[in-house]
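Residue-level listing of the chains:
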Amino acid sequence: MSQILIDHLVPVYALVLLGRVLAGVRLVQDQQAQGISRFVFDVALPIMLARQMLTVDLPAQIEWRLVLVYFGCAFAVFALSAWFGRHVFAARAARPAIFGITACFGNVLVLSVPITIGVFGDQAAVPLFLLIAFHSATLFTLTTVVAELGIGAAGELRKLPRSVARSLITNPILVGLATGLLLRLSPVPVPAALDRTAAFLGQAAMPMALFALGANLARFRLGALWREALVLCLFKNLLFPLLVFAMATWVVPLDPVARAVAIVTAAMPAGINAYLFSVRYDTAVGEAGATIVVSTIVTFPILAWLLPVLREALVSGT
C-alpha cells in the first residue's frame, strides 16, 4: 500500500468512518452532530483559514487561469448534469439545478484541505485557497439562478444580487479568508497569545469537520435511487476531474502544483451543500443524499490511485 495512502488518506477517512459509525449506533445524536457542524463551519474553520492566510506565502499575481479552468469545467459539468436529469430522469422545476450542483459542488473544505496540503505541502495552499474563495459564491449563485428559472420565479431574480451579496458578506468561510488577508496587510502585528489560540482552534478544526461529515452521512440512505446516484457520481468523481485534467494540461496549461490542486479538488466527493439546496427547494432530496454517500465512498479508491500519480508528476516536473 502506498505510503501516501497510509500517511494522509487513511487517517482522513478513518475520522469520517468513526463519525458515521458512532452516529449509526446513536452514540452521537443528530442534534449533537449538527452542533459540531455549526461550531466547525462557523468558528473553527474560518479562524483556521484566517491564520493560514496570514502566514502563507502569497504570489505576486493571482493565477486567474486556475479559476477559469476549474470553474469553466464546473459550469460544463453542471450544465450536462442538469440536462441529463431533465431528459433522462424527467427532472422538472428546480430539480435539474439540484442535479447540477450535486455533480460539481465538491466537499472541498473538509476533505480537500487536509488531503491536498498533506500530500503536496504548503505550496498547494495558495491555489487551494483561491478555489475555496470562489467555490461557494460561484456555484451557489449558478444553482440559485437555474433553480429559480426552473420554478418560474423569474421575477424573484431581481432580488438575487442583494441576496447573493448578503450571503457572501455573512459566509463564515469567506469572512475568515478576508480577515486573514486584512490582518496580513495590517501594520499591526497579531499578539502571540491570540495567534496561539487560533492555532489551537485550527488544530481541532479539520478532525472535528471530518468527524461531523461522517456523522451527517448517517442521515442519508441509498434506497431505490441508486441509478441517479450512480450517474451523478460518474459526473462528479470521473467526468469532472478528467475534464479539469484535459483543460489544465492541453487547453490552458497550468503549472504542475496548480494543476494537481485543481484535479484533486475536482475529484472530491459531492458536498453536503447540495443536500441543503435540495431541502431548500424541496426537490431531489433523496438523489442528493444518496449521491453524497456513494460519492464519499468511491472517492477513496480514486484518490488512492490519483494522489501518488500526481505527486510523482510534481517530482518529475511533468
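You'll find the structure just up there.
Conventions used here
- Residues numbered from 1 in each chain as written.
- Predicted model: local features only at pLDDT ≥ 70, side-chain atom pairs only at ≥ 80, totals over all residues.
- Heavy atoms only, no water.
- Helix = DSSP H or I, 4+ residues; strand = E, 2+ residues; numbered from the N terminus.
- Rg over C-alpha atoms; globule rule 2.2 N^0.38 Å.
- Buried < 20%, exposed > 50% of the residue type's maximum accessible area, 1.4 Å probe, protein only.
- Contact = heavy atoms within 4.5 Å.
- Areas by Shrake-Rupley, 256 points an atom, 1.4 Å probe, with all protein chains shown as cover.
- Lys, Arg positive; Asp, Glu negative; His and termini not counted.
- Charge placed at Lys NZ, Arg CZ, Asp CG, Glu CD.
- Expected span 1.5 Å × (residues − 1).
- Bend = angle between axes of the 7 residues up to and from the residue.
- Patch = residues over 30% accessible without salt bridge, like charges linked within 9 Å, V, L, I, M, F, W, Y side chains within 5 Å.
- Salt bridge = Lys/Arg side-chain N within 4 Å of Asp/Glu carboxyl O.
- Polar contact = N/O pair within 3.5 Å; in protein donor to acceptor, adjacent residues only side chain to side chain.
- Phe/Tyr/Trp six-rings, centres within 6.5 Å; stacked < 30°, edge-to-face > 60°.
- Core = buried A, V, L, I, M, F, W, Y, C linked by side-chain atoms within 4.5 Å.
- Disulfide = S-S within 2.5 Å.
- Axes fitted to C-alpha atoms, helices over the stretch in contact; angles between N-to-C directions.
- Parallel < 35°, antiparallel > 145°, perpendicular 65-115°, else oblique.
- Nonpolar A, V, L, I, M, F, W, Y, C, P; charged D, E, K, R; others polar.

S.K.: Which parts of the structure should I look at to understand the overall build of the protein chain?
M.R.: Along the backbone of the protein chain there are 13 helices and 0 strands. Along the protein chain, helices and strands appear, N-terminal first, in the series α-α-α-α-α-α-α-α-α-α-α-α-α. Taken over C-alpha atoms, the radius of gyration comes to 19 Å for the protein chain, in line with the 20 Å a tight globule of 318 residues would show. The dimensions of the protein chain, computed from C-alpha atoms along their principal axes, are 55 × 45 × 45 Å. Looking at the protein chain residue by residue over its 318 residues, the buried ones come to 48%. Long-range contacts, defined here as pairs at least 24 residues apart, represent 85% of the contacts in the protein chain between residues at least 6 apart. Total accessible area on the protein chain is roughly 14,800 Å²; 67% of this is exposed by carbon and sulfur atoms. Looking at charge distribution, the protein chain has the averaged site of its 21 positive side-chain charges lying 7 Å from that of its 14 negative ones.

S.K.: What should I look at first to understand helix α13 (residues 285–316) in this one?
M.R.: A rise of 1.5 Å per residue sets the reference length of α13, with its 32 residues, at 46 Å; its end C-alpha atoms lie 44 Å apart and thus fit the reference within 8%. Bending of α13 peaks at approximately 35° at the position of Ile302. Backbone geometry just after α13 places Gly317 at a positive phi near 75°.

S.K.: Any chance you could explain a nonpolar patch on the surface here in plain terms?
M.R.: Among the surface-exposed residues, Trp226, Leu230, Leu234, Leu238 and Leu242 lie close enough to one another that they form a single nonpolar patch of about 500 Å² accessible area. Position of Leu234 relative to the elements: it lies in helix α10 (residues 226–251).

S.K.: Please explain the side chain of Lys236 as it appears in this structure.
M.R.: Locating Lys236 in the fold gives a position in helix α10. From its side chain, Lys236 meets the backbone oxygen of Met268 in a polar contact 2.6 Å long.

S.K.: Even after reading the chapter, I still don't get the pattern of salt bridges, so can you show me in this structure?
M.R.: Close approach of charged atoms allows side chains of opposite charge to pair. Taken as a whole and assessed by the stated rule, the structure comprises 5 salt bridges. Asp195 serves as the salt-bridge partner of Arg51, at 2.9 Å between the closest nitrogen and oxygen. Here Arg51 is found in helix α2 (residues 30–55), whereas its partner Asp195 is found in helix α9 (residues 192–217), with 144 residues between them in sequence. Residue classification places Arg51 among the partly exposed positions, given a relative accessible area of 28%. Residues Glu287 and Arg95 are paired through a salt bridge, measuring 2.5 Å at the closest nitrogen-oxygen approach.

S.K.: What am I meant to see in the packing of aromatic side chains here?
M.R.: The way to describe two aromatic rings as a pair is by their centre distance and the angle between their planes. If you walk through the whole model with that rule in mind, you get 11 aromatic pairs. Ring centres of Tyr13 and Phe300 lie 5.1 Å apart, and the angle between their planes is 80°; on these two criteria the pair is classed as edge-to-face. A residue pair is termed long-range when its members are at least 10 positions apart, and Tyr13 in helix α1 (residues 3–24) and Phe300 in helix α13 qualify at 287 residues. Given the relative accessible area of 26%, Phe300 is considered partly exposed. When the centroid spacing of 5.2 Å and the interplanar angle of 20° are considered together, the rings of Phe105 and Phe140 count as stacked. Taken as a pair, Phe105 in the loop between α4 (95–104) and α5 (108–120) and Phe140 in helix α6 (residues 125–150) lie far apart in primary sequence, 35 residues in all. For Phe105, a relative accessible area of 3% translates into the label buried. Site record: aromatic cluster; members linked through ring pairs are Trp64, Tyr70, Phe71, Phe134 and Phe240.

S.K.: I would appreciate a short explanation of the nonpolar core in the present structure.
M.R.: The nonpolar side chains of a soluble globular protein tend to be buried, and buried together. Core analysis: the largest hydrophobic core is formed by 92 residues, its most contacted members being Leu45, Tyr70, Phe120, Ile132, Phe240, Val244 and Leu303. Once residues lying within four places of it in the same chain are set aside, the contact partners of Phe120 are Ala260, Val264, Leu307, Leu310, Arg311 and Leu314. In this structure, Ala23, Ala33, Phe211 and Ala215 belong to the second largest nonpolar core, which totals 6 residues.

S.K.: It is not clear to me how the state of the cysteines should be interpreted in this structure. Could you clarify?
M.R.: Cysteine pairs can be linked by a disulfide, which is a covalent bond between their two sulfur atoms. The full count for this structure, using the stated rule, is 0 disulfides. There is no disulfide at Cys73, and the cysteine sulfur nearest it, in Cys104, is 11 Å away. Accessibility expressed as a relative area gives 0% for Cys104, which makes it buried.

S.K.: How do you make sense of the packing of helix α12 (residues 272–281) against α13 when you look at a structure like this?
M.R.: How two helices pack is summed up by the angle between their axes together with the distance between the axes. Closest axis-to-axis distance for the α12/α13 pair is 8 Å, and the angle between their directions is 170°. Viewed along their axes, α12 and α13 adopt a mutual orientation that is roughly antiparallel. Each of Ile272, Ala274, Tyr275, Ser278 and Val279 in α12 lies in contact with α13, whose residues at this interface are Val285, Ala288, Gly289 and Ile292. Considering only residue class, the contact of α12 with α13 consists of 7 nonpolar, 2 polar and no charged.

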